[in-house]
Protein chains: 2
Amino acid sequence: MVTTPNVTRRSMLAGTATVLAGGLLPWSAADVRAATAALPQTWDEEFDVVVVGTGFAGLAAAHEAAKAGSSVALLEKMRTPGGNSIISGGVIAAAGSPLQAEAEIEDTVDSLYDDMLKAGLHLNHPELARIVAEKSVETVQWTIDELGAEYTGLTHMGGHAVPRSYALAAGSGSGIIGPQLAKLKEMGVEPRTRTLLKRLIRDGDGRVKGVIAHSGFSHPDLESGTPISIKARKAVVLATGGFGADPVFRALQDPRLGGELDTTNQPGATSEALREALGIGCVLVQPSWIQLGPWTSPDERGFGRTPHFAQGVAASYGLWIDTQTGKRFVNELADRKTRADAMLAVGNKTVAFVDSAGYAKGSAAGRRERFERMKEAGVLMEYATLEEMAEAHEIPLAPLKATIETFNESVDAGADTEFGRYMQADAGKIGTPPFYVVRLSPKIHHTMGGCAINGDAQALDVLSSEPIAGLYVAGEAAGGIHGASRLGSCAYTDCLTFGRIAGRNAAAEKGWG
Amino acid sequence: MVTTPNVTRRSMLAGTATVLAGGLLPWSAADVRAATAALPQTWDEEFDVVVVGTGFAGLAAAHEAAKAGSSVALLEKMRTPGGNSIISGGVIAAAGSPLQAEAEIEDTVDSLYDDMLKAGLHLNHPELARIVAEKSVETVQWTIDELGAEYTGLTHMGGHAVPRSYALAAGSGSGIIGPQLAKLKEMGVEPRTRTLLKRLIRDGDGRVKGVIAHSGFSHPDLESGTPISIKARKAVVLATGGFGADPVFRALQDPRLGGELDTTNQPGATSEALREALGIGCVLVQPSWIQLGPWTSPDERGFGRTPHFAQGVAASYGLWIDTQTGKRFVNELADRKTRADAMLAVGNKTVAFVDSAGYAKGSAAGRRERFERMKEAGVLMEYATLEEMAEAHEIPLAPLKATIETFNESVDAGADTEFGRYMQADAGKIGTPPFYVVRLSPKIHHTMGGCAINGDAQALDVLSSEPIAGLYVAGEAAGGIHGASRLGSCAYTDCLTFGRIAGRNAAAEKGWG
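Residues numbered from 1 in each chain as written. Chains lettered and ligands numbered in written order. Predicted model: local features only at pLDDT ≥ 70, side-chain atom pairs only at ≥ 80, totals over all residues. Heavy atoms only, no water.

Peer 1: Can you break down the sheet that holds strand β14 (residues 350-355) of chain B residue by residue, with the values?
Peer 2: Residues and elements named next belong to chain B. Across the sheet, which stays open at both edges, the four strands sit in the order β13-β14-β16-β15 with antiparallel pairing between neighbours. Looking at which strands have only one partner, the edges of the open sheet turn out to be β13 (319-322) and β15 (381-383). Geometrically, the sheet is characterised by an average inter-axis angle of 30° between neighbouring strands, direction not taken into account. Looking at chain direction, β13 and β14 are connected through four bridges and run antiparallel. Paired with Ile-321 across the bridge in β14 is Val-351. (Pairing = 2+ DSSP bridges. Helix = DSSP H or I, 4+ residues; strand = E, 2+ residues; numbered from the N terminus. Axes fitted to C-alpha atoms, helices over the stretch in contact; angles between N-to-C directions.)

Peer 1: Residue-level account of helix α15 (residues 490-507) of chain B, with values.
Peer 2: Here α15(B) is 18 residues long and its end C-alpha atoms lie 26 Å apart, about the 26 Å a rise of 1.5 Å per residue gives. Across the 18 residues that make up α15(B), a large majority, 16, are buried. (Expected span 1.5 Å × (residues − 1). Buried < 20%, exposed > 50% of the residue type's maximum accessible area, 1.4 Å probe, protein only.)

Peer 1: I'd like to hear about the side chain of B:Asn408, residue by residue, with values.
Peer 2: Residue and element names in this part refer to chain B. By the secondary structure assignment, Asn-408 is in helix α14 (residues 397-413). On the basis of relative accessibility, which here comes to 9%, the residue Asn-408 falls in the buried class. Within the structure, the side chain of Asn-408 is placed 2.7 Å from the backbone nitrogen of Ile-430, a separation counted as a polar contact. Other than its neighbours up to four places away in sequence, Asn-408 contacts Lys-429 and Ile-430. (Polar contact = N/O pair within 3.5 Å; in protein donor to acceptor, adjacent residues only side chain to side chain. Contact = heavy atoms within 4.5 Å.)

Peer 1: Provide a residue-level description of unusual backbone geometry, including the pertinent values.
Peer 2: Note that the residue after A:Pro433, namely A:Pro434, is joined by a cis bond; omega there is -5°. Relative to the helices and strands, A:Pro434 resides in the loop between α14 (397-413) and β16 (435-440). Here B:His219 and B:Pro220 are connected by a cis peptide whose omega angle stands at 0°. Examined against the element boundaries, B:Pro220 turns out to sit in the loop between β9 (208-215) and β10 (226-238). One non-glycine residue with positive phi stands out, namely A:Ser465, at about 65°. Note that A:Ser465 resides in the loop between β19 (458-460) and β20 (467-473).

Peer 1: Can you tell me about the packing of helix α1 (residues 56-67) of chain A against helix α6 (residues 174-186) of chain A, naming the residues and giving the values?
Peer 2: All names here are of chain A. Interaxial distance between α1 and α6 falls to 10 Å at its minimum, and their mutual angle equals 25°. Judged by the inter-axis angle, α1 sits roughly parallel to α6. Remark: the crossing between α1 and α6 carries left-handed chirality. On α6, the residues touching Phe-56, Leu-59, Ala-60, Ala-62 and His-63 of α1 are Ile-176, Ile-177, Gln-180, Leu-181, Lys-183 and Leu-184. For the contact of α1 with α6, the per-class residue count stands at eight nonpolar, two polar and one charged. (Parallel < 35°, antiparallel > 145°, perpendicular 65-115°, else oblique. Left-handed = near helix turned anticlockwise from the far one by under 90°. Nonpolar A, V, L, I, M, F, W, Y, C, P; charged D, E, K, R; others polar.)

Below is the structure:
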């Protein structure tokens, strides 16, 4: 049981302040004010590092902290570990990688950085985006060398200048989460599931010194479970994800995105941990940038399997079509925001299709079985002729044929004259029946905003903009890395890179008691 | 002097929580957690209502609170009252107004609301935007009936469907701030200048009960002045403006906008009051939407006089030209974001010009003198011929002439065929020398984000999304009203409307002691 907190703590009223050349820094770091109740008189448990969340970032942080010799408490509010990461699409970006070298694809850190900033509308915090790009190859290689993750090859994700995304053999984030959990178990760290972060304990000296958690928590009942206090001798790492499944907080930041919109996120992607972090003095940055995934289907719930077809096959070998006009409406390999915006702009009645030749090219071993299951579920539809496809989806036939003709001329020319789409080396003309098609509809996928951090993954204080001692934030809970819109496959690189940074830095802290 | 705070207050650790149908509400209202030091044992001063800030919103709140019989402390950190309001452009939007009726301009609340949401990219909190639109005529009429504000007529601001903005005879916000201060003085309320809000005191029961201020404050030295505690028996109204003059906080939310960018704001438009509000549990919404004013000149500092020419004259009777091409590049009456984005997209080398006929039409009495001063300062330039103007600004002459010819055909046709600009009834062909021109360059003008409020101007709590007892926020310090981009002349309506709401509601509180 939680002990009764004592109520003595320092007043920070008087404070001091700093005036910087060229700008006013509101309050000095010394002026930080603790926002939580004071420390418990005794703690129920004690660890060097408390990691909250078991997606890529949380597990990477726990891994590095444990490897550095720290004792680690690893908390997960849901019944199973893995967060959104475990159900995500299974692709991780790296610029200048060994697989690119094999495929003779030239790529640079600058090119990935530029792509991230272009998609992010240059709202990205440049130093954070650069870290992701610079560490990308090291991070992917770490998943291979340290975790034993298995990849099938490279794929070309929307908004990237070149194919640079490693595709996991598992076809989802489980291909990394699984090995992460296994390695952590070897190191003696296991997730404590159904354990909710209820309170971050920030002391009067400004340092985060532990948490109140609820064990036996049953999502989404925030009253459930038994409070326990856990001391963090060195630091707390917050890796609690985004708020994509939280319509209340979404609507605060973008009123269009409340209510009944579907999301690709797992149900635990709610805002309570972020709100708690803000309540003890973290700074919220860029919260109104909420990404819609453009490659999802209204015919299945959540992320589903459609992205593997719409993005992995149809965007490279087929076309995305506005069913009302029979025309293309966007570069099918544009970044997510561009595509989702375009889909909504044409009235959200779009399909992605491919002919049998493209289907064969795009269907790598792992995919074929997935596609069969999509067919069984009625999500992926097969038509013997273009006429049948057009009729079934109420696409005007003549414009559709003209659209295909124009694209086929682009294939001959080696360049997409309509939308400038990257042409795959093995792209072919569209025309061989049968045709495979999915309906498309965007879903809430990633929340770009979150707690402000620096390059060391330290959370910044809302009063001073200085680091909050004892608190790291990594993964989707952190804001600013991706600006207005995250590029596909960059979340893996971001979460693993900053998770590792957070874990290493947490373990290296001197600690407080 | 400030008294030593005692340190007893309730712990909110255990708390309760609420699960809503259709969404998870992170913590219940009962679970709110005080974030400040506890109450002073004794207060230096005591009022019913403490209003912080003396722009439109703060003065309107003080006015209504005093009128309702409350004692009011009115704090202003700078040496003079008025904030950004007093130096603003002097136009206030109202839909369906008496002046529109006189001019036979049809307009509706829905039309203003639609314009606000279009400019705001539909990120506006709909209920807040609607209040501004619905109260717009009442608010303008209040400035006339209650304050005696004087207007010269209507003007057509960018992004508005029709002319609906009352233009102050004073040509700036001083035409309202002056009367507000005078009326307040009659009611016995005077601004206490050089008085910084240092701390909002939020008690363990979740209520804001007063402030710590620094009297004798000298901006921007946040260490300066003497701490005093002021009890607010009923409520505190935060009307502390935006952070347009704070490059550090700006850069946190939009890294492109830090550093050396000029702003139209007064130097006091910094973030420390907002940071303090967030530190005690307000929710920050939409902070990365920072508006650039498109009608400012690099040849003078701040807002200057150029907007009166570029917006008031050249956008209606002349043209805005990309000097590199000699062509128009945007609808000169589009909303601010559209225009500023377009200016940056063409490389930020643009001018606004008008011929002598347009100059005569656009130069109402008050303006002519302002324009003379602009000429003296070299900001407004006069050229005897189009050729001279083109040469001086390195505009290719032939394309410029073609651009004018196309526009003149649009004047004949009664519709702008190039950019769909609203055609003034008295618009004429461009061609009569001399020509008047200003250089343009966007400057940071308004920060759309701020504290989340409800329609009663109550601040919302970051943990619960429920109102924070005893705290109101109005004006630019509040977020969500304008979404992605505020329409010109809507700030007046917003600030005065929500300032009055905040003041009335604060005065109507039962109070706590």
